[in-house]
Amino acid sequence: MENIVPRWAVLRAEGQAEAFRYAVHREVEGTEAEALAAMLHCVDTFAEALAESGRRRQRRQVFRVSERSYFVRVHNRLSVEEAHFTLAELIADTHADGLPAGLTGPAWS
């Protein structure tokens, strides 16, 4: 069997309550540790691009929801930016050799 490199997606959810939107923030190939490091980099740099020149970030809070999920809140002078990052492993793909095409059948029993 061919050695398959695991694929991961860093998912980012933004919004409030039931209005959260989920999107793939970044895709990563490699070990779980490498993918987790990439996600933590996304968490650590969240909202930096929104800071204007000379404006200091007032407060940054990072909450661990699980080993693969973090919630970030950045308090700026006039606003609060929030996002929920989750690391997801690709386990099925209809166009990838070596991965199951779907979540049914003997491979998922």
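Scope of this entry: the structure provided in the associated data block. (Residues numbered from 1 in each chain as written. Predicted model: local features only at pLDDT ≥ 70, side-chain atom pairs only at ≥ 80, totals over all residues. Heavy atoms only, no water.)

Re the overall build of the chain
Here is step 1 of the chain: Helix and strand content of the chain: 1 helix and 5 strands.
Here is step 2 of the chain: In sequence order, the secondary structure elements of the chain are arranged as β-β-α-β-β-β.
Here is step 3 of the chain: By the burial criterion, 22% of the 109 residues in the chain qualify as buried.
Here is step 4 of the chain: For the chain, the share of sequence-separated contacts (at least 6 apart) that also reach a separation of at least 24 residues comes to 38%.
Here is step 5 of the chain: A total accessible area of about 7,800 Å² is found for the chain, and carbon and sulfur atoms account for 50% of it. (Helix = DSSP H or I, 4+ residues; strand = E, 2+ residues; numbered from the N terminus. Buried < 20%, exposed > 50% of the residue type's maximum accessible area, 1.4 Å probe, protein only. Contact = heavy atoms within 4.5 Å. Areas by Shrake-Rupley, 256 points an atom, 1.4 Å probe, with all protein chains shown as cover.)

Examining the environment of valine 65
Here is step 1 of the chain: Here valine 65 shows up in strand β3 (residues 59-66).
Here is step 2 of the chain: A relative accessible area of 53% places valine 65 in the exposed class.
Here is step 3 of the chain: Put simply, valine 65 and threonine 86 are 21 residues apart on the chain and 9.1 Å apart in space, counted from C-alpha to C-alpha.
Here is step 4 of the chain: Here valine 65 is in contact with Tyr70, Phe71 and His84, once residues within four sequence places are set aside.

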